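# Observations on the three-dimensional arrangement
The primary structure of each chain is shown beneath.
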Amino acid sequence: MSDQLSVVRTVAGLRKAVERLRAKGESVALVPTMGALHDGHLSLVRLARKKARRVVVSIFVNPAQFAPSEDFATYPRNIRADLRLLRKLNTDLVWAPSTSAMYPEGFSTSVQPGGPAHAGLEDTYRPHFFGGVATVVSKLFIQVGADFAIFGEKDYQQLKVVTRMARDLDLPVKIIGAPTMREPDGLAMSSRNVYLSASERAAAPALYRALKDAAAQIKAGKPISTALFSARERIVGAGFAIDYLEARHAETLGPINARKDGPIRLLVAARIGRTRLIDNIGV
Ligand code: AMP
């Protein structure tokens with residue numbers, strides 16, 4: 001276990017720390033997070049470690065990606081527990097800026113992503129979201145100057161938006177997607193799972209089960225619309241209100257009508273009680 005973990009909170013401190021990490025010409029991988037770390041995040045840190053000699057994890061609950069009606073104020077925060085976990089994984093550096101370090105007085109520039117950011121999925125229900133993500137992620141890339149950045153497939157549209165943005169802006173960082181980590185009953189790990197009551201938690205795996213069955217049915221040759229119809233019934237039957245459940249082209253996120261038209265990704269967002277969960281699966 002390393003006791004070398006350093007935590008920096010200012011851009012100037014970060015620059016110096018990254019310079020030190022880079023002194024021997026070693027590669028750097030960045031794992032952007034909002035903290036409240038779980039095994040899903042830790043799997044990204046492990047993957048980062050495989051890709052690069054040095055691993056930087058950012059922890060920043062980004063106000064720019066929350067609407068006023070959303071859970072910015074109550075979003076789970078536990079930096080001490082996060083640092084304990086990251087130390088165990090031999091993380092080299094944690095970048096944990098304050099809001100004013102990230103968005104100093106007078107901040108007035110933003111990145112507006114297109115393409116997959118307008119797919120009509122998360123963007124329909126959280127119109128502010130990808131602008132906030134793209135702005136903070138561009139800043140993180142520029143601040144850290146990492147060779148690699150690891151993002152979870154759990155947030156599949158976000159992974160595609162960030163990949164497109166890095167390509168469009170010629171950002172010198174390679175984006176790597178990492179598979180979704182799940183609880184033993186299939187529920188995708190998420191910092192927001194702590195919001196679920198016991199009965200909601202018991203119902204929540206229905207989301208993944210419905211996705212899995214729909215994917216199996218489509219693979220077996222059933223029409224996409226039929227497979228999605230029964231998935232919808234199951235999800236609603238478990239107590240969810242569905243924002244969207246869609247089959248999309250896995251790369252462009254554009255609409256897709258048949259399996260022959262390309263690799264398919266099934267994506268869902270649904271609310272149970274006051275919690276909104278998202279998940280997705282490849283076909
Ligand atoms: P967040 O802290 O929720 O912004 O997530 C930070 C990163 O962890 C994002 O790239 C997420 O896609 C990724 N992530 C979140 N949950 C999981 C999970 N269950 N499995 C793998 N990666 C995840």
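Conventions and cut-offs
Residues numbered from 1 in each chain as written. Predicted model: local features only at pLDDT ≥ 70, side-chain atom pairs only at ≥ 80, totals over all residues. Heavy atoms only, no water. 1 Å grid on protein atoms, 1.4 Å probe; cavity = no way out; pocket = protein on both sides within 12 Å on 5 of 7 lines; lining within 4 Å. Points joined across faces, edges and corners; volume = space filled by probe spheres on them. Nonpolar A, V, L, I, M, F, W, Y, C, P; charged D, E, K, R; others polar. Pairing = 2+ DSSP bridges. Helix = DSSP H or I, 4+ residues; strand = E, 2+ residues; numbered from the N terminus. Axes fitted to C-alpha atoms, helices over the stretch in contact; angles between N-to-C directions. Contact = heavy atoms within 4.5 Å.

### Quick word on the layout of surface pockets
Roughly 220 Å³ of internal volume is contained in the second largest pocket. In this structure, the second largest pocket is lined by 16 residues; those nearest its centre are Ile59, Phe60, Val61, Arg77 and Pro97. A class-by-class count of the residues in the lining of the second largest pocket yields nine nonpolar, four polar and three charged.

### So, the sheet that holds strand S4 (residues 93-95)
Ordered in space as S1-S4-S3-S2-S5-S6, the six strands form an open sheet in which the pairing is parallel. Unpaired on one side and paired on the other, strand S1 (6-8) and strand S6 (174-178) mark the two borders of the sheet. Going across the sheet, the axis of each strand differs from the next one's by a mean of 25°, ignoring polarity. As defined by bridge partners, S1 adjoins S4 across three bridges and the pair is classed as parallel. Its bridge partner lying in S4, Ser6 is registered against Leu93. Here helix H1 (residues 11-22) sits on the sheet and contacts S1, strand S2 (28-33), strand S3 (54-59) and S4; the angle it forms with S4, its principal contact strand, is near 155°.

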